[in-house]
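# Structural description and commentary
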Amino acid sequence: MQFSFTRAGIRSLGYTLPETIVTSDEIEERLAPLYERLKLPAGRLELMTGISERRFWPVDTLISDLSAISCRRALAAANVDPRDVGLLIHGSVCRDFLEPATACRVHHLSGLPPECQVYDVSNACLGILNGIIQAANMIELGQINYALVVGTESGRGLVDTTIDELNTNTNLTRKSIKHSIASLTIGSASCAVLLGLNSEKSGSTRVIGGVATANTRHNELCRSSGDTAGGIASPLMETDSEALMHEGVETGRRTFHRFLEHMGWSREEISATVCHQVGSTHRKLMLESVAMPDETDFVTYPILGNTGSAALPVTLARAIETRAIGPGQKVALMGIGSGINCLVLGIETAATPVVSR
């Protein structure tokens, strides 16, 4: 599927990060029983992933609380009245409950009007990007003036449950633990994207278009143990990391080639890339596969880990905030989610305000 936009833009970004930092060394210390039993060398986790630390929200944190904070920051950054927002999409894997939609409480806490359409979108690590496409379409059609797309991911429950399983399951081997490594890379973050009509006066970052690919014959490569929700959830994940990485990269390569054709862009015209933040090996293979140089790519995974659907928008926000990406640049946002799904979105940056903590 292909997308083209002429009127939609990103007005601002608001993101929130937890204060608690957990290093890969600390996780390995908690895994001492496993490491001793299998004679694993210290430093293995950071060496394999390139992730030195990740962050966790406090125990029992509600996802909607953090999403509402990020929404209010995005609104304040663009000086937009909450009453003017016509759409709220909550796009993260994590949510408060199975029912109602987490977007309902975020809508209430953010002071959005009753005329605002409210719902959740769930698509692994692509939920927020999918939400941006839906919001941009509604703006193009003139149905709404502003939209908020937000998501908050919480990694604590998954990491804690994985550590317990690895330490207590004495049947595990060096080979079988590989399906749990990806779960130890997960971090926490929250990001809101405020979209509106693009104009020179608004100074919006233009959302120009994109391409999506579904390669769902590989839907079994990354699965959770069940349908759980919220910051207090304790799921288990089984991930064939090597197969997922290679199939995901190949899907990304094909999607990027279609993206260049659809957009009419050359690689040389792209000033920067922002990819989904998985780890060092994935990044290296992904950039090599699309023939894009390392120096144009901005990363956060070494200090934030893999923050799911929030990873790409938070990384974009930090790139703009630190001026690694400046106004007037063509940027390719390269999202990949388990399933496997891929979405590459092209934007042209303006002086987009960012509010963070």
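Residues numbered from 1 in each chain as written. Predicted model: local features only at pLDDT ≥ 70, side-chain atom pairs only at ≥ 80, totals over all residues. Heavy atoms only, no water.

## Focus on the overall build of the protein
Regarding its fold elements, the protein presents 11 helices and 15 strands. A globule of 357 residues ought to have a C-alpha radius of gyration of about 21 Å, and the protein, at 19 Å, matches this closely. With respect to the three principal axes, the spread of C-alpha positions in the protein is 60 × 45 × 35 Å. Classification of the 357 residues of the protein by burial places 56% in the buried group. Restricting to contacts in the protein with at least 6 residues of sequence separation, those with at least 24 account for 80%. Put simply, the protein shows about 14700 Å² of open surface, and 51% of that area lies on carbon and sulfur atoms. Taking the average place of the 31 positive charges on the side chains of the protein and the average place of its 38 negative ones, the gap between the two points comes to 2 Å. (Helix = DSSP H or I, 4+ residues; strand = E, 2+ residues; numbered from the N terminus. Rg over C-alpha atoms; globule rule 2.2 N^0.38 Å. Buried < 20%, exposed > 50% of the residue type's maximum accessible area, 1.4 Å probe, protein only. Contact = heavy atoms within 4.5 Å. Areas by Shrake-Rupley, 256 points an atom, 1.4 Å probe, with all protein chains shown as cover. Lys, Arg positive; Asp, Glu negative; His and termini not counted. Charge placed at Lys NZ, Arg CZ, Asp CG, Glu CD.)

## Examining the pairing of strand β8 (residues 189-197)
For β8, the buried fraction is high: 8 of the 9 residues fall into the buried class. The pairing of strand β2 (residues 8-16) with β8 spans 8 bridges and is antiparallel. Across the sheet, S12 pairs through a bridge with L194, a residue of β8. Bridging between strand β7 (residues 146-153) and β8 involves 8 bridges; their strand directions are antiparallel. Bridge pairing in β8 places A147 opposite L195. (Pairing = 2+ DSSP bridges.)

## Observations concerning the packing of helix α4 (residues 63-78) against helix α5 (residues 102-110)
Orientation of α4 relative to α5, taken along the N-to-C sense of each, is 45°, at an axis distance of 9 Å. Considering their axes alone, α4 and α5 lie oblique with respect to each other. The two elements α4 and α5 cross, and the hand of that crossing is right-handed. Along its contact with α4, which presents I63, S64, D65, S67, A68, C71 and R72, the element α5 presents T102, R105, V106, L109 and S110. Partitioning the contact of α4 with α5 into residue classes produces 5 nonpolar, 4 polar and 3 charged. (Axes fitted to C-alpha atoms, helices over the stretch in contact; angles between N-to-C directions. Parallel < 35°, antiparallel > 145°, perpendicular 65-115°, else oblique. Left-handed = near helix turned anticlockwise from the far one by under 90°. Nonpolar A, V, L, I, M, F, W, Y, C, P; charged D, E, K, R; others polar.)

## Considering the pattern of salt bridges
All chains considered together, the criterion is met by 9 salt bridges. Between R83 and D81 there is a salt bridge; the shortest N-O distance is 2.7 Å. The salt bridge partner of R253 is E250, with a shortest N-O separation of 2.7 Å. One end of the pair is R253 and the other is E250, both in helix α8 (residues 241-263) and 3 residues apart, which spans about a single turn. In this structure R253 comes out as partly exposed when scored by relative accessible area, which is 34%. (Salt bridge = Lys/Arg side-chain N within 4 Å of Asp/Glu carboxyl O.)

## Some thoughts on α8
Between its first and last C-alpha atoms α8 spans 31 Å; for 23 residues at 1.5 Å apiece the expected length is 33 Å, and the two agree. Positioned one or two residues after α8, G264 has a phi angle of 70°, which is positive. (Expected span 1.5 Å × (residues − 1).)

## A closer look at the packing of aromatic side chains
Counted by the stated rule, this structure contains 2 aromatic pairs. With centroids separated by 5.6 Å and ring planes inclined at 85°, the aromatic side chains of F259 and W265 adopt a geometry described as edge-to-face. Residues F259 and W265 agree in their burial class; the two are buried. Through a chain of ring-to-ring contacts, three or more aromatic side chains come together here, namely F256, F259 and W265. (Phe/Tyr/Trp six-rings, centres within 6.5 Å; stacked < 30°, edge-to-face > 60°.)

## Here's the deal with the pairing of strand β14 (residues 341-348)
Across the 8 residues of β14, 7 count as buried, placing the element largely inside the fold. In the sheet, strand β9 (residues 205-214) pairs with β14 via 8 bridges, with the strands oriented antiparallel. Across the sheet, A212 pairs through a bridge with L343, a residue of β14. Across 8 bridges, the pairing between strand β13 (residues 330-337) and β14 is antiparallel. Its bridge partner being in β14, A332 is matched across the sheet by G346. The turn linking β13 back onto β14 is made up of 3 residues, and G339 within it adopts a positive phi angle of 145°.

## What about a negative patch on the surface?
Negative charge collects at one region of the surface, where D25, E26, E29 and E46 lie side by side. Tallying contributions element by element places helix α1 (residues 24-30) first for the negative patch, with 3 residues. (Patch = residues over 30% accessible without salt bridge, like charges linked within 9 Å, V, L, I, M, F, W, Y side chains within 5 Å.)

## Remarks on the packing of α8 against helix α9 (residues 280-290)
The contact between α8 and α9 brings their axes to 9 Å, and the two run at 30°. It follows that α8 is roughly parallel to α9 by the angle criterion. By crossing handedness, the relation of α8 to α9 is classed as right-handed. Within the contact between the two elements, α8 uses M245, H246, V249, G252, R253 and F256 and α9 uses T281, H282, L285, M286, S289 and V290.

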